[in-house]
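Architecture at a glance
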2 protein chains.
Amino acid sequence: MDKSSGIANDIGRSGLKRTKHRTVILEILEKSDQPMTAEQIFLKMGQEGIAVSLSTVYRAVESLAQKKLVTALEISGSNKTLFEYNRKIHRHYLVCLGCRKIRAIAHCPLKDYEEDLAAETDYLISGHKLVIYGYCPDCRKNAAMTPKEWS
Amino acid sequence: MDKSSGIANDIGRSGLKRTKHRTVILEILEKSDQPMTAEQIFLKMGQEGIAVSLSTVYRAVESLAQKKLVTALEISGSNKTLFEYNRKIHRHYLVCLGCRKIRAIAHCPLKDYEEDLAAETDYLISGHKLVIYGYCPDCRKNAAMTPKEWS
DNA sequence: ATAGCAAATGCGTTTCATTCGCAATAAAAT
DNA sequence: ATTTTATTGCGAATGAAACGCATTTGCTAT
Ligand SMILES: [Mn+2]
Ligand SMILES: [Mn+2]
Ligand SMILES: [Zn+2]
Ligand SMILES: [Zn+2]
């Protein structure tokens, strides 16, 4: 409908060709509150009646990630790469070991720690990745009996 | 030689059978300053004249990890799982994007942050994983021209 | 609009780390 | 020493992701 809606344009502006598939994939990720695997995206497209090859989904998320429209994340414990719409905010993740839901955390407690570390190690720090594991309110009750691993 | 040397005994005490392979694997990891992949362990055993099947290495590190004698880590950007001798110290990692060397960091800047987060989110926090990316002193010069991604 | 070119797609094939099945072997228990 | 049970070797299977190539589509410059 809305031709000037960000998403489709963002793809064009990125230098990638603006195809139906890429637009749909980016929209799906933008709407999802959870990062998704390539296969989940593929299945959702199927549900929406959009025929696509799984290879294409893999190639689409890869190119979108290259253009920074999508972020790829590898959370320990899942062997599949997750993709999320890049909302351009530095984020961390709180992963529930019970239901595997991923909750984003806006606050970064490491801002000045990075500087200390740079001074101490003489490294040039580019960034960091922090994932916190635990049990969400819903899963806390079961957690007591089935404490799952996280490392 | 030293029958009471920690490593071999630790395996026995863990409930696992104390085999030559497991002992060697654990010794290799204990001596290594870098976490190693299953294949690297396998190759090193070959160099040391110890015939072993790669499957066995995979099964050994898996069982040793289960018994907490080794720790498995999945650093973003490598598709292979790394294993390290478990020195029973909470650690973080500083990964050089130039040479891929991994340096352990003893200090944890997140001790009380976890409590704040628990209070704020009502999650039961089990732990966290922090990886910091950058360029080591040796690689800093090249870093300027070839800034690699870290996700 | 149209032609021409570069990029994207479909479909099948391949790669590669890791896992598995099962018979043979070695370690612990008796 | 004999039995019991876990470990190993080897090859085959798995599964996510990458790839090759012929076909199609989006974009650009007429
Ligand atoms: Mn941060
Ligand atoms: Mn920590
Ligand atoms: Zn949960
Ligand atoms: Zn380096």
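Note that residues are indexed from 1 along each chain, following the sequence as it is written. Labels follow written order: the first chain is A, the first ligand is 1, and so on. Only residues with pLDDT of at least 70 are given local features in this predicted model, and only at 80 or more are side-chain atom pairs given and counted; all residues enter the totals for whole chains, interfaces and linings. Excluding hydrogens and water, the side-chain values take into account all heavy atoms of the structure.

As a further point, take the overall build of chain A. To qualify as a helix, a DSSP run of H or I must reach at least 4 residues; to qualify as a strand, a run of E must reach at least 2; elements of each kind are numbered from the N terminus. A tally of helices and strands in chain A yields six helices and six strands. Traced from its N-terminal end to its C-terminal end, chain A shows the element sequence α-α-β-α-α-β-β-β-β-α-β-α. C-alpha extents for chain A along the principal axes are approximately 45 × 45 × 25 Å. Here chain A holds 151 residues, and the buried ones make up 43% of them. Residue-level accessible areas treat just the shown protein chains as cover; the underlying method is Shrake-Rupley with a 1.4 Å probe. Carbon and sulfur atoms make up 51% of the accessible area of chain A, which totals about 8600 Å². Counting 23 positive and 18 negative side-chain charges, chain A places the centres of these two groups 9 Å from one another. Partly exposed describes any residue whose relative accessible area lies between the buried limit of under 20% and the exposed limit of over 50%, with all areas from a 1.4 Å probe on protein chains only and scaled to the type maximum. Under the counting rule used here, the positive set is Lys and Arg, the negative set is Asp and Glu, and His together with the chain ends is not counted. By convention, the point assigned to a charge is CZ for Arg, NZ for Lys, CD for Glu and CG for Asp.

This brings us to the nonpolar core. Core analysis: the largest hydrophobic core is formed by 48 residues, its most contacted members being Ile75(A), Ile132(A), Ile75(B) and Ile132(B). Elements represented by at least two residues in this core include exactly β4 (92-96), β5 (102-105), α5 (111-121) and β6 (124-135) of chain A together with β4 (92-96), β5 (102-105), α5 (111-121) and β6 (124-135) of chain B. The residues contacting Ile75(B), other than those within four sequence positions of it, are Leu82(B), Val95(B), Ile102(B), Val131(B) and Tyr133(B). Residue types Ala, Val, Leu, Ile, Met, Phe, Trp, Tyr and Cys, when buried and joined through side-chain atoms within 4.5 Å, form a set referred to as a nonpolar core. Residue contacts follow a heavy-atom distance rule, with two residues in contact if any of their heavy atoms lie within 4.5 Å.

What makes a residue near a molecule or strand is one non-hydrogen atom of that residue sitting within 4 Å of it. Lining the immediate surroundings of DNA strand C are 19 residues, of which Lys17(A), Arg22(A), Thr56(A), Tyr58(B) and Thr81(B) lie closest. Near the protein, within 4 Å, the atoms of DNA strand C are sugar or phosphate in 66% of cases. A distance of 2.9 Å separates a base nitrogen of DNA strand C from a polar atom in the side chain of Arg59(A). Elements supplying a minimum of two residues to the surface near DNA strand C: α2 (20-31) and α4 (54-66) of chain A together with α4 (54-66) of chain B. Taken together, the residues of the surface near DNA strand C break down into four nonpolar, eight polar and seven charged. The term polar contact refers here to a pair of N or O atoms within 3.5 Å; inside protein, the definition further demands a hydrogen-donor-capable atom paired with an acceptor-capable atom, and it admits residues adjacent in sequence only when both atoms are side-chain atoms. Here the nonpolar group is Ala, Val, Leu, Ile, Met, Phe, Trp, Tyr, Cys and Pro; Asp, Glu, Lys and Arg are the charged ones; every other residue, Gly included, is treated as polar.

Moving on: the coordination of the manganese ion (ligand 2). All names here are of chain B. The protein atoms that coordinate the manganese ion (ligand 2) are His-90 (NE2), His-92 (NE2), Cys-108 (SG) and His-128 (NE2), at distances spanning 1.9 to 2.2 Å. The rule for donors is simple: an N, O or S atom within 2.8 Å of the metal counts, and for Na, K and Ca the reach is 3.2 Å. Water is not among the atoms, so a site may look short of donors. Binding-site remark: the manganese ion (ligand 2) is held by donors from one chain whose sequence spacing is H-x1-H-x15-C-x19-H. Of this pair, His-92 sits in strand β4 while His-128 sits in strand β6, and the two are 36 residues apart along the sequence.

Where burial is concerned, most of β6(B) is hidden: nine out of the twelve residues are buried. DSSP bridges decide pairing: two strands pair if at least two such bridges lie between them. Both β6(A) and β6(B) contribute to a ladder of eleven bridges, which runs antiparallel. Note that in β6(B) the partner of Lys129(A) across the bridge is Val131(B). Pairing of β4(B) with β6(B) involves four bridges; the strand directions are parallel. Bridge assignment links Cys96(B) to a residue of β6(B), and that residue is Gly134(B).

Moving on: the relation of the copies chain B and chain A. Mapping chain B onto chain A calls for a rotation angle of 180 degrees and an axial translation of 0.0 Å; the resulting RMSD is 0.0 Å. With respect to symmetry, the two chain copies, as superposed, fit the operation of a two-fold axis. Closest approach to the rotation axis within chain B is made by the C-alpha atom of Leu130(B), at a distance of 2.3 Å. Alignment of copies: least-squares fit on C-alpha atoms of residues with pLDDT of at least 70 in both copies.

Let's shift gears to the side chain of Ser76(A). Among the structural elements, Ser76(A) can be located in the loop between β2 (70-73) and β3 (82-85). Within polar-contact distance, the side chain of Ser76(A) engages the side chain of Lys129(B) at 2.6 Å. Discounting residues that sit within four places of it in the chain, Ser76(A) has contacts with Arg100(A), Tyr133(A), Trp150(A), Glu74(B) and Lys129(B).

So, about the environment of Ile89(A). Relative to the assigned elements, Ile89(A) resides in the loop between β3 and β4. Along the sequence, Ile89(A) and Ala106(A) sit 17 residues apart, while their C-alpha atoms lie 7.7 Å from each other.

All names here are of chain A. Looking at the assigned domains, one finds that chain A contains domain 1 (1-88) and domain 2 (89-151). Domain 1 puts 13 residues into the contact, and the matching count from domain 2 is eleven residues. Values labelled buried area give the accessible surface lost by two parts on being combined, using a 1.4 Å probe and summing over both. Summing both partners gives a buried area of about 880 Å² for domain 1 against domain 2, and 52% of it is carried by carbon and sulfur. The largest contributions to the domain 1 side of the interface with domain 2 come from Gln-34, Ile-75 and Ser-76, which together make up 46% of the buried area. A carboxyl oxygen of Asp or Glu within 4 Å of a side-chain nitrogen of Lys or Arg is what we treat as a salt bridge. Linking domain 1 with domain 2 are zero salt bridges. Linking domain 1 with domain 2 are four residue pairs in polar contact (both at pLDDT 80 or more). For each domain, the first and last residues come from an automatic or database assignment.

Another aspect to go through is the interface of chain B and chain A. If you look at the interface, chain B gives 39 residues, while chain A gives 38 residues. The junction of chain B with chain A conceals about 3600 Å² of combined surface from both sides, 57% of it contributed by carbon and sulfur atoms. If you look at where chain B meets chain A, you find two salt bridges. Asp122(A) is the salt-bridge partner of Arg140(B), the closest N and O atoms lying 3.3 Å from each other. Inspection of the chain B/chain A interface yields twelve residue pairs in polar contact (both at pLDDT 80 or more). Those elements that provide at least two residues to the side of chain B that touches chain A are β2 (70-73), β4, β5, α5, β6 and α6 (140-143) of chain B. By residue number, the principal contributor to the side of chain B that touches chain A is β6(B), which donates twelve residues. Class assignment of the residues belonging to the side of chain B that touches chain A gives a composition of 21 nonpolar, eleven polar and seven charged.

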